[in-house]
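The chain contents come next:
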Amino acid sequence: RANIINILWVILKEDAVLAVVPYGEPPLIKGWIPYIGKALEFGKDAHKFLEEYKKKHGDIFTVLIAGKYMTFIMNPLMYPNIIKRGKQLDFHEFSNQVAPRTFGYPPVFSSKFPGMPDQIKRSFHLLQGDNLTPLSKSMMGNLLLVFKQDHLDKRQMEDSGEGGWRTDSMCEFCSKVMFEATFLTLYGKPASKRRHSSMETLREDFIEFDKKFPLLIARIPIWLLGRTKAIREKLINYFLPQRVSCWSNTSQFITRRVELFEQYNSLRDMDKAGTHHFAILWASVGNTIPATFWAMYHLVSHPEALEAVRQEIHSLLKLWGMDDFSDRDINLSREQLDQLLYLESAVNESLRHSSSSMNIRVAQEDFSLPLEAEQSVAVRKGDIITLYPRSMHMDPEIYDQPEMYRYDRFVQDGRQKTDFYKDGQRLKYYCMPFGSGATMCPGRYFAINEIKQFLFLLLLHFDLQLVEGQPKVTLDTSRAGLGILLPAKDVRFRYRLRAA
Ligand code: HEM
């Protein structure tokens, strides 16, 4: 009897039913509630949850979360073994269930749309390589347009009183500038004007939808989420084909997608192009806006980092004979931006700090997955294998004092630092805000580039300060696992034009 009581006590204390698992399968944590399993605890703070179970069960364990068995691989030295198995461990099976439900379009991986997934995949090249050059040029022009009209007007700034200083909320500021400049770059502008008149309403609707995004991903039916369905319809209708076709300077990427949807529209009953445009709008700004915020916040709250990055910008401008920017129209090419090592490092450091995306893969067959020299785990068809790179980003063995922001963490001996170690072994993957393998974010180069462009203009043209007396901004962990975390609370800052 004493033994039974002991066992029960252990089970209660552990708060985990460690089911008897077949040989070779990882420990299974099921929780007490059938089907739901550990979903509530996980949803509250995924990072804390995973770190606790890593301490208890080691690098590999399976958790029941809302009816799904998810196996977490917590050791980054094992990541290459997962990432290289793109065929056995597939990303799209999962995304093809989640994305259509969230954004409201029919699954594209179906026999109704033969060849469509391949064509969509091919269109991603239009965001990369040589195609990034016109995108980057257009983005810089649009950032300048928004900055000049809204923030760089000397008279307006002086009229604002307080010696030309203006005060604003930082996340809101980043959101306004990046949302509009990215939209103009990807989708284009109205035929007669340089800016869309309804941009602010579109942005506000987008933010309303985005607040409910984690609940939609968690499979909460949209009809339970108040006005979310109506807002989603409104956002989708913004992209009605007759409207999109009137916009000019549209990127090649979106133009290609419009052609693609027309092609399938004429073949089948698919009047859903707007939903796809809306999904791409989410992909292109949903993470970029908070990433821009954190990059700006860390620099403004670390004046020595801000000065060092600004110094780098000035030195290189001088070297290139571009140090006269009195007309504030200065434009940098992509190659020039790439030479700003400290700026790049500052962006990567803020991504390391704020990124929390999970890499989810679904097993396509039963197989034995080798993870270390002598260790394999048995995987069953349909199992979900998950990488959680935030755990690596915050590992003190890999990143000394990981909680600290160090703008130059990714620079060594005048070049980009790429060697990071765990257990004495060099890591192949050490910073993964954009996912991994064949399905890694296709917009990653564009995203990093546009954040650098934003910071370049900001540091060049403005003095920046935090309004005093505010607490340090913390991460809102409620969307852990879903991308770049938002700030728990916005922060006030002051800015004024620097003497040209
Ligand atoms: C800081 C900004 C960004 C972050 C952190 C980010 C992150 C991610 C992540 C984690 C994924 C899933 C990859 C995987 O699990 O393998 C993803 C997918 C995707 N991202 Fe991004 N992204 C960003 C910006 C962008 C931008 C600017 C665009 C477009 C212009 C974009 C377009 C996409 C698309 C289309 C996918 C789906 C790819 C597929 O279905 O294969 N992203 N992104």
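Residues numbered from 1 in each chain as written. Predicted model: local features only at pLDDT ≥ 70, side-chain atom pairs only at ≥ 80, totals over all residues.

(A) Structural detail: the overall build of the chain. In terms of helices and strands, the chain carries 20 helices and 17 strands. Taken over 500 residues, the chain has a buried fraction of 35%. For the chain, long-range pairs separated by at least 24 residues make up 75% of all intrachain contacts whose partners lie at least 6 apart in sequence. (Helix = DSSP H or I, 4+ residues; strand = E, 2+ residues; numbered from the N terminus. Buried ≥ 20, exposed ≤ 12 C-beta atoms within 10 Å, placed from the backbone. Contact = placed C-beta atoms within 7 Å.)

(B) Here's a closer look at the site of the ligand. Looking at the ligand, there are 24 residues lining it, with N287, G435, C441, G443 and A447 nearest. Broken down by secondary-structure element, the contributors of at least two residues to the shell around the ligand are α14 (273-285), α15 (288-301) and α20 (444-461). Residue assignment places the shell around the ligand across two domains, with domain 1 (2-101 + 358-388) and domain 2 (105-357 + 391-497) each supplying three or more. (Near = placed C-beta within 6 Å. Domains from an automatic or database assignment.)

(C) Structural context of the sheet that holds strand β2 (residues 60-65). Within the open sheet, the six strands sit side by side as β1-β2-β3-β9-β6-β4. Their pairing is mixed. Each end of this open sheet is capped by a strand with a single partner; those strands are β1 (28-29) and β4 (89-90). Note: β4 against strand β6 (residues 359-363), two bridges, orientation antiparallel. Counterpart to D90 in the pairing with β6 is V362. (Pairing = 2+ DSSP bridges.)

(D) Local environment of the confidence of the model for the chain. Per-chain confidence: the chain averages 88 in pLDDT, with 91% of residues scoring 70 or above. Contacts from residues 4-20, a stretch scored under 50 in pLDDT, to residues over four places away or in other chains number eleven contacts. (pLDDT = per-residue confidence, 0-100.)

(E) Summary view of the pairing of strand β9 (residues 384-387). The side-chain alternation of β9 yields two buried faces, one formed by I384 and T386 and the other by I385 and L387. Across four bridges, the pairing between strand β3 (residues 68-73) and β9 is parallel. Its bridge partner being in β9, I73 is matched across the sheet by L387. Bridge analysis of β6 against β9 gives four bridges, and the strand direction is antiparallel. Bridge assignment links N359 to a residue of β9, and that residue is L387.

(F) Inspection of the UniProt feature "binding site: heme" (unreviewed entry) in the chain at higher detail. The UniProt entry lists C441 under the feature "binding site: heme" (unreviewed entry), expressed in the numbering used here. With respect to the element layout, C441 can be found in the loop between β13 (425-426) and α20. Every residue in contact with C441, bar those within four places of it in the chain, is listed here: F434 and G435. (UniProt positions renumbered as here; feature names shortened; annotations may be inferred.)

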